[in-house]
Amino acid sequence: MTILAREQRHSITVKVNGLRYTGMATPRTLLADFLRHELGFKGVHVGCEHAVCGACTILLDGLLARACAIYAVQADDTSVETVEGLGKPEALAPLQAAFQEHHALQCGFCTPGILMSAKAFLDDVATVGVAPTEQQVREMLSGHLCRCTGYDGIVKAILACAEQAIGKSRHESG
């Protein structure tokens, strides 16, 4: 085990949304802060700083993670997916377009984390090929706190995307 000096900055290299980045961080720098302030990925929001609200949700080596509960040095040499990797304003990803179509956001603070959880959920749905129930979507969303909405638009958007993903996987396999 390597012991890192408390205030010394260390080189951290991560692949973010398919591109390799290197930045500097102290051993106590949270991954959320490293992504936002060192690398410029402002879609990673910090809400509670206790891994409860879900605003900082990312995919770390393909698994859902809360970036406020991981040190940047722990993420050295990993692959990170943030909301910026989903789509661009001029070419939204289907999930982002569904959120827009179903009015699934208001202030938008929690939206990046919800989108990343929904992406992982929908990837699993496409693999299994079985449409989720509304209850399953709501259970998935239970790890996110949103003060603006009753989640109805979010649930509708995710269910619409699930139908598209299953239809697409059936079409490709059939």
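Coordinates for the structure precede this section.
What counts as what
Residues numbered from 1 in each chain as written. Predicted model: local features only at pLDDT ≥ 70, side-chain atom pairs only at ≥ 80, totals over all residues. Heavy atoms only, no water. Phe/Tyr/Trp six-rings, centres within 6.5 Å; stacked < 30°, edge-to-face > 60°. Helix = DSSP H or I, 4+ residues; strand = E, 2+ residues; numbered from the N terminus. Buried < 20%, exposed > 50% of the residue type's maximum accessible area, 1.4 Å probe, protein only. Core = buried A, V, L, I, M, F, W, Y, C linked by side-chain atoms within 4.5 Å. Contact = heavy atoms within 4.5 Å. Pairing = 2+ DSSP bridges. Axes fitted to C-alpha atoms, helices over the stretch in contact; angles between N-to-C directions.

A. Just the packing of aromatic side chains, in detail. All chains considered together, the criterion is met by 1 aromatic pair. On the basis of an interplanar angle of 90° and a centroid distance of 5.3 Å, the ring pair of Tyr21 and Phe41 is categorised as edge-to-face. Taken together, the residues span a long stretch of sequence, with Tyr21 in strand S2 (residues 19-25) and Phe41 in the loop between helix H1 (31-38) and strand S3 (57-60) at a distance of 20 residues. On the basis of relative accessibility, which here comes to 26%, the residue Tyr21 falls in the partly exposed class.

B. Region of the structure containing the nonpolar core. Counting 29 residues, the largest nonpolar core has Leu95, Phe99, Phe121, Leu122, Leu141, Ile154 and Ile158 as the members making the most contacts within it. When contributions to this core are tallied by element, the ones reaching two or more residues are helix H2 (94-101), helix H3 (111-128), helix H4 (134-141) and helix H5 (152-173). Ranked by residue count, the leading element in this core is H3, at 8 residues. The residues contacting Ile158, other than those within four sequence positions of it, are Leu95, Phe99, Ala118, Phe121, Leu122, Val137, Met140 and Leu141. Membership of the second largest hydrophobic core comes to 21 residues, among which are Ala25, Leu35, Phe41 and Ala65.

C. Structural context of the sheet that holds S3. If you walk across this open sheet you meet the 5 strands as S2-S1-S5-S3-S4, and the pairing is mixed. The sheet is open, and its two borders are formed by S2 and strand S4 (63-66), each paired with just one other strand. Pairs of neighbouring strands in the sheet enclose a mean axial angle of 40°, with direction left out of account. Taken strand by strand, H1 contacts strand S1 (10-16), S2, S3 and strand S5 (78-81), and its axis lies near 105° from that of S2. Where H3 meets the sheet, its contacts fall on S3, S4 and S5, and the angle it forms with S3 comes to roughly 40°.

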